[in-house]
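Each chain, letter by letter, is given below.
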Amino acid sequence: MSTPDVDVIVVGAGPAGSCAAIVAARAGLDVVLLERGPFPGSKNMYGGVVYPRILDTLIPNWWEEAPIQRWVTRRSTMLLTDTQALTIDFRSEAWGEPPYNGATAFRPDWDHWLAGHAEAAGAQVLTDTTVVGLIRDPGGAVVGVRTDRPDGDLRAKVVIACDGVNSFLAKEAGLYEHTDAKHYTLGVKETLALPKEVIDERFAVRDRHGVDIEILGCTGNVNGGGFLYTGLDTLAVGVVLKLPKLAAQKKRPEEIVAGLKQHPAIAPLVQGAELKEYSAHLIPEAGLTMMPKMTMPGMLVAGDAAALCLAAGIWLEGVNFAMASGMYAGEAVVEALQANDTSATGLAGYQRRLSDTFVLKDHRKLHRAPELVLSDRVQHLYPGMVANVAERMFRVDNPHPKPGLRRILNEERKKAGVRRRDLLRDGWTGFRSFG
Amino acid sequence: MSIVACVKWVSHPGEPHDERFAGMSMADQSALEFALQQGELLGQPVTVITVGPAGADKVLRDALACGATRAIRIEAPTTAAGTDVATAIADHIADAEWVWCGDYSLDRGAGSVPPFIAAHLGAEQALGVIAVTLLGATVHATRRLDGGRRELLEVTAPAVVSVEGATARLRRAGLQHLRSAAAATIEVMPATTPIHRAEFMVRPYRPRARELPAPTGESPLDRLRVLTDAAAASAARGETVHLAPADAAARIVHALRDWGYRDS
């Protein structure tokens with residue numbers, strides 16, 4: 001058997017890959033971090049909210065140097081119908097101070113920053129290099145990767161696959177039992193430029209404070225959701241769409257984004273903005289249902305490649321799961337190499353760490369949530385029902401006396417065509433997930 | 001030191017303030033590729049040289065990964081004047097036989113560094129070359145002239161050749177070379193003469209507006225040909241003169257003034 005060129009190969013310099021490389025390199029291992037783009041983050045289109053609390057141990061006081069756009073101090077959840085909008089709006093000044101909560105960020109900046117830490121820790125970052133396959137020994141264990149460069153084979157004791165949502169490495173290794181389009185959504189996003197002062201005024205924020213708006217009921221007949229985030233002098237507005245529904249409706253995603261931007265509740269917020277960028281990306285949204293086997297002899301999978309993305313309605317998180325899984329993968333590899341055991345047993349510390357921490361605990365707790373949130377009732381019936389209830393509650397209809405909430409609820413439920421038992425079942429599912 | 005490739009670390013026109021997008025222009029990549037091919041043909045090492053700040057090490061490492069054997073960076077800001085850049089380079093490659101450059105940089109576009117290097121070295125020059133044939137001791141180069149004409153040059157050492165970006169495609173570096181280049185030593189040297197800041201011309205290079213008569217011709221195609229000068233392309237309107245360098249320079253300046261490119 002050939003001698004390994006390095007101790008660890010990390011494939012993909014996203015949040016998972018860079019965190020894995022930081023941990024492994026700081027432990028003194030010889031680490032190569034391979035990135036297919038011209039620089040870490042160059043292939044990324046994400047412009048959402050990052051929750052970096054997990055970095056507290058890896059990069060103390062990360063907030064003093066992290067390339068964020070705005071600290072999220074306002075979180076809104078919005079229910080839309082064609083003519084109505086019901087918003088639950090929360091703001092906390094505490095989220096605008098250390099140690100902060102979440103921040104809007106551009107991933108090209110974020111990933112570049114994290115990869116810089118990996119390089120500073122001693123990892124060798126090689127860009128413009130695409131991994132095209134795995135090298136395996138006769139027993140099936142992964143012993144390296146094949147790249148698209150001449151003389152492009154690189155051997156290692158362990159490979160950490162952080163190659164994103166369509167992880168060709170995890171699929172080649174057979175870690176995904178099956179993949180199904182229904183487990184994925186398509187995220188499409190427009191980046192709109194507006195002067196900072198205009199954003200501050202429209203969204204009622206100051207300085208580096210920003211807003212995260214998650215929206216339900218804005219995607220027509222296609223199940224999904226919408227979002228609007230404030231950057232420093234940009235807005236990210238877009239939708240996340242369930243793939244099979246999108247295909248069945250034969251609608252273009254940009255039409256759905258255009259519809260969202262024209263909604264009476266959104267249009268004043270984006271009015272006059274200049275379109276700077278349009279991009280799209282797949283998101284692994286099915287949580288536990290779609291997760292692959294996390295380890296095999298000589299290889300671990302982390303981040304989106306391991307479907308570690310939490311899409312549970314009021315929680316839309318991915319980067320924190322990626323960073324955490326990358327860190328735990330790095331720790332497990334260090335442990336395995338110290339024991340000189342890169343078999344599935346030797347790498348089992350990774351699965352143990354995922355199971356013992358929020359990474360899989362959150363997914364277990366919320367495993368029913370993705371299906372519930374993307375269900376037809378939640379998508380197409382409940383927004384209108386709830387908005388109508390609110391409208392009737394707040395409407396002053398004199399000389400008629402105010403109706404009772406129970407009566408309104410019942411009438412609107414029937415008008416929406418929602419069966420009582422379905423409503424109770426969904427409520428119970430929601431309570432079990434979020435309660 | 002006999003074969004040298006001069007490259008420049010230049011910002012991307014679309015992202016001029018973001019170093020992540022900076023790199024080597026297509027023209028410099030072509031020049032490097034020809035230098036490497038010539039090195040292989042003659043069995044000689046290839047030195048790559050640049051003038052710039054520490055960030056410019058990136059293009060040198062890229063060149064090393066592709067096969068260059070030595071990398072030199074002359075410490076200077078990115079705003080260095082072209083004449084000073086040429087002087088600094090020439091001082092460090094005095095024994096070079098072949099110097100390969102891109103025809104002009106993306107950020108300035110004057111194309112002045114290659115001829116200045118040639119002047120410093122007392123070398124032949126073939127500038128703005130669109131095709132190259134390497135023939136051992138000589139190089140056959142094709143230059144683009146006005147009116148669709150071409151100039152074929154036989155170049156012998158010592159020479160400076162500047163090439164257009166489409167003349168060659170830089171080879172893809174092997175993975176092991178890429179790894180070793182990342183750890184290779186870059187020789188950082190000071191400039192031997194003072195480096196001045198480039199003075200930029202705010203007026204674009206273009207002649208004064210001239211009144212043109214309406215094109216004549218029976219058909220739209222005929223009139224179009226007159227407008228675009230295509231019909232006259234094959235006619236020998238130029239002249240070949242043999243003059244001393246100073247007289248030739250004066251003749252060129254006179255012609256530029258006559259054509260409206262210079263006011264005085």
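Being a predicted model, the structure only gives us computed values, none of them experimental. Per-chain numbering applies: the sequence of each chain, read as written, is numbered from 1 onward. Working convention: letters from A go to chains and numbers from 1 go to ligands, in the order in which they are written. Only residues with pLDDT of at least 70 get local features here, since the model is predicted, and only at 80 or more are side-chain atom pairs given and counted; chain-wide, interface and lining totals rely on the full set of residues. Hydrogens and water molecules were not included; the side-chain quantities draw on all heavy atoms of the structure.

A. Spotlight on the packing of helix H1 (residues 15-26) of chain A against helix H8 (residues 319-338) of chain A. All names here are of chain A. Inter-axis angles, ranging from 0 to 180 degrees, are taken between N-to-C directions of lines fitted to C-alpha atoms, where helices are fitted over the stretch in contact. Labels follow the DSSP assignment, with helices taken as runs of H or I lasting at least four residues and strands as runs of E lasting at least two, numbered in each case from the N terminus. Interaxial distance between H1 and H8 falls to 7 Å at its minimum, and their mutual angle equals 30°. With respect to H8, the axis of H1 lies roughly parallel. Crossing of H1 against H8: the hand is right-handed. Taken together, the residues of H8 that come into contact with H1 (itself represented by Pro15, Ala16, Cys19, Ala20, Val23 and Ala24) are Val319, Ala322, Met323, Ser325, Gly326, Met327, Gly330, Glu331 and Val334. Across the contact of H1 with H8, the residue classes tally to eleven nonpolar, three polar and one charged. These descriptions rest on fixed angle ranges, namely under 35 degrees for roughly parallel, over 145 for roughly antiparallel, 65 to 115 for roughly perpendicular, and the rest for oblique. Left-handed describes a crossing in which the near helix is turned anticlockwise from the far one by less than a right angle; the clockwise case is right-handed. Throughout, a residue-residue contact means that at least one pair of heavy atoms, one from each residue, lies within 4.5 Å. Under this grouping Gly is polar, as are all residues other than the nonpolar Ala, Val, Leu, Ile, Met, Phe, Trp, Tyr, Cys and Pro and the charged Asp, Glu, Lys and Arg.

B. Fine view of the domain arrangement of chain A. Residues and elements named next belong to chain A. Along its sequence, chain A is carved into domain 1 (6-45 + 106-177 + 292-366), domain 2 (70-104 + 180-288) and domain 3 (375-434). Taking only C-alpha atoms, the centre of domain 2 and the centre of domain 3 are 25 Å apart. Across the boundary between the two partners, domain 2 contributes 14 residues, which contact twelve residues of domain 3. The term buried area denotes the loss of accessible surface (1.4 Å probe radius) that occurs when two parts are joined, taken as the sum for both partners. Taken together, both faces of the contact between domain 2 and domain 3 bury some 890 Å²; the carbon and sulfur share is 56%. By the criterion of area lost to domain 3, the three top residues of domain 2 are Gln84, Leu86 and Asn223, representing 45% of everything that side buries. Between Lys or Arg on one side and Asp or Glu on the other, a salt bridge is scored when a side-chain nitrogen of the former is within 4 Å of a carboxyl oxygen of the latter. Put simply, domain 2 and domain 3 have one salt bridge between them. The split into domains, and so the bounds of each, comes from an automatic or database assignment of domains.

C. A look at the environment of Pro114 of chain B. Residues and elements named next belong to chain B. Turning to its location among the elements, Pro114 is positioned in helix H4 (residues 113-121). Residue Pro114 is classed as buried on the basis of its relative accessible area, which comes to 4%. For the pair Pro114 and Thr78, spaced 36 residues apart in sequence, the C-alpha separation works out to 17 Å. Other than its neighbours up to four places away in sequence, Pro114 contacts Cys101, Gly102, Asp103, Leu127, Val160 and Ser162. Here the term buried applies to any residue with accessible area under 20% of the maximum for its type, exposed to any over 50%, and partly exposed to those in between, with areas from a 1.4 Å probe on protein chains only.

D. Seen up close, the sheet that holds strand S8 (residues 159-163) of chain B. Residues and elements named next belong to chain B. Paired strands, in this sense, are two strands between which DSSP finds at least two bridges. The nine strands lie next to each other as S7-S6-S5-S8-S4-S1-S2-S3-S9, forming an open sheet whose pairing is mixed. The open sheet has two edge strands, strand S7 (150-156) and strand S9 (187-190), and neither has a second partner. Recorded for the sheet is a direction-independent mean angle of 35° between the axes of neighbouring strands. The sheet contacts of helix H1 (residues 26-42) involve strand S1 (3-6), strand S2 (46-52), strand S4 (98-102), strand S5 (124-135), strand S6 (138-144) and S8, and relative to S4 the element is tilted by about 155°. Relative to S2, helix H3 (residues 82-92) is tilted by about 145°, and along the sheet it contacts S1, S2, strand S3 (70-75) and S9.

E. Region of interest: the nonpolar core. If you look at the biggest cluster of nonpolar residues, it comprises 133 residues, and the most contacted ones within it are Trp110, Met299 and Tyr350 of chain A together with Trp100 of chain B. Looking at which element gives the most residues to this core, the answer is H8 of chain A, with 13 residues. Counting 26 residues, the second-largest nonpolar core is a separate cluster that includes Met78, Leu80, Val205 and Val257 of chain A. The nonpolar core is taken to be a set of buried Ala, Val, Leu, Ile, Met, Phe, Trp, Tyr and Cys residues, with the residues joined through side-chain atoms within 4.5 Å.

F. Structural view of the domain arrangement of chain B. Taken domain by domain, chain B consists of domain 1 (3-190) and domain 2 (207-264). Here the C-alpha centroids of domain 1 of chain B and domain 2 of chain B sit 32 Å apart.

G. Representation of the pattern of salt bridges within the structure. This structure, assessed with the given rule, holds 34 salt bridges over all chains. Here Asp153 of chain A and Arg146 of chain A are joined by a salt bridge, their closest N and O atoms 2.8 Å apart. Linking Asp57 of chain B and Arg73 of chain B is a salt bridge whose minimum nitrogen-to-oxygen distance equals 2.6 Å. With Asp57 of chain B in helix H2 (residues 57-66) and Arg73 of chain B in strand S3, the pair connects residues that are 16 residues apart, well separated along the chain.

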